Amino acid sequence: MTGNRSSYDSRLAVHDLRQADEAWMRRALQLAERAECEGEVPIGAVLILNGELVAEGWNQPISTHDPTAHAEIVALRAAAAGVNNYRLPGATLYVTLEPCVMCAGALVQARVARLVYGASDPERGAAGSAFDLLASAALNHRPEVVGGVLADLCGELLRTFFQEKRDV
């Protein structure tokens with residue numbers, strides 16, 4: 001009987017985690033829409049620690065004249081300032097698009113435990129699509145990576161944005 005209970009508890013935990021991942025990704029999508037309203041590429045990110053929202057970010061390189069102001073970096077900076085530590089062990093970062101090499105490197109430096117992303121980026125993604133930086137044995141930290149959470153919604157937002165840019 002104990003084995004059945006353990007299996008049930010495990011399935012329940014996975015279901016709860018999947019629901020939480022989708023809920024946080026929906027918040028990241030809202031932030032991506034904010035970026036789009038501000039004339040930026042629509043990418044949003046949220047950082048969660050101990051089940052609580054610690055920081056948010058959305059793409060801002062155009063408005064801030066800062067090539068490093070990607071959604072992930074903005075969220076990491078705010079989180080580090082908020083917890084008064086440049087390391088964020090135990091944190092999960094949710095982002096609507098697979099991180100680039102710069103952002104993946106920042107996740108490693110911050111010791112983020114888990115990355116959850118929406119749409120894959122086959123041209124620049126560094127979490128397994130174009131590069132697999134986050135799985136590199138050369139690094140001293142490798143976060144757990146979960147891709148494809150609300151991928152259709154995340155991808156559609158980006159496709160629509162770029163289609164509208166091309167149509168102008």
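Scroll up to find the structure this text is about.
M25, L47, L76, L88, L93, V112 and L115 are the most contacted members of the largest nonpolar core, which has 45 residues in total. Going through the elements one at a time, α1 (2-37), β1 (44-49), β2 (52-58), α3 (71-83), β3 (92-97), α4 (101-110), β4 (114-119) and α5 (151-167) are the ones with two or more residues in this core.

With that settled, consider the side chain of E98. For E98, the position within the fold is in the loop between β3 and α4. Nearest to the buried, unbridged E98 among oppositely charged side chains is R124, at 9.9 Å. In this structure, E98 is in contact with Y117, A119, S120, D121, G125, A126, A127, G128 and S129, ignoring residues within four places of it in sequence.

Take the layout of surface pockets next. One way to see where empty space is left: roll a probe the size of a water molecule over the atoms. Taken as a whole, the largest pocket spans an internal volume of roughly 490 Å³. Going through the elements one at a time, α2 (61-64), α3 and α5 are the ones with two or more residues in the lining of the largest pocket. A total of 5 residues in the lining of the largest pocket trace back to one element, the largest contributor, which is α5. Considered class by class, the residues forming the lining of the largest pocket number 12 nonpolar, 4 polar and 8 charged.

Now for the pairing of β3. In summary, the side chains of a regular strand alternate between the two faces of the sheet. With 6 of 6 residues buried, β3 is to be regarded as a mostly interior element. When β1 meets β3, the two strands line up antiparallel, connected through 4 bridges. The residue of β3 that forms the bridge with I48 is T92. For the handedness criterion, the β-α-β arrangement of β3, α4 and β4 is classed as right-handed.

We now examine α3. Counted at 1.5 Å a residue, the expected span for α3 with its 13 residues is 18 Å, and the 18 Å between its end C-alpha atoms agrees. Taken as a whole, α3 has its buried residues at A71, E72, I73, V74, A75, L76, A79 and A80. Turning to α3, the residues buried within the fold contact β1, β2, β3 and α4. Positive phi appears at N84, one or two residues downstream of α3, with a value of about 60°.

Time to look at the packing of aromatic side chains. This model, assessed by the stated rule, comprises 1 aromatic pair. Consider the rings of F161 and F162, whose centres lie 5.0 Å apart with planes at 80°: the pair is edge-to-face. On the basis of relative accessibility, which here comes to 36%, the residue F162 falls in the partly exposed class.

On to the pattern of salt bridges, then. Using the criterion set out here, one finds 8 salt bridges in the structure. For the salt bridge of R124 with D121, the shortest nitrogen-to-oxygen distance reads 3.9 Å. Given the relative accessible area of 49%, R124 is considered partly exposed. A salt bridge links E123 to R124, with the shortest nitrogen-to-oxygen separation between them at 3.1 Å. Here E123 falls in the exposed class, since its relative accessible area comes to 60%. Bridged by salt links that share partners, the residues D21, R114 and E144 form one connected network.

Cut-offs used in this document
- Residues numbered from 1 in each chain as written.
- Predicted model: local features only at pLDDT ≥ 70, side-chain atom pairs only at ≥ 80, totals over all residues.
- Heavy atoms only, no water.
- Core = buried A, V, L, I, M, F, W, Y, C linked by side-chain atoms within 4.5 Å.
- Buried < 20%, exposed > 50% of the residue type's maximum accessible area, 1.4 Å probe, protein only.
- Helix = DSSP H or I, 4+ residues; strand = E, 2+ residues; numbered from the N terminus.
- Lys, Arg positive; Asp, Glu negative; His and termini not counted.
- Salt bridge = Lys/Arg side-chain N within 4 Å of Asp/Glu carboxyl O.
- Contact = heavy atoms within 4.5 Å.
- 1 Å grid on protein atoms, 1.4 Å probe; cavity = no way out; pocket = protein on both sides within 12 Å on 5 of 7 lines; lining within 4 Å.
- Points joined across faces, edges and corners; volume = space filled by probe spheres on them.
- Nonpolar A, V, L, I, M, F, W, Y, C, P; charged D, E, K, R; others polar.
- Pairing = 2+ DSSP bridges.
- Right-handed = clockwise from strand over helix to strand, strands pointing away.
- Expected span 1.5 Å × (residues − 1).
- Phe/Tyr/Trp six-rings, centres within 6.5 Å; stacked < 30°, edge-to-face > 60°.

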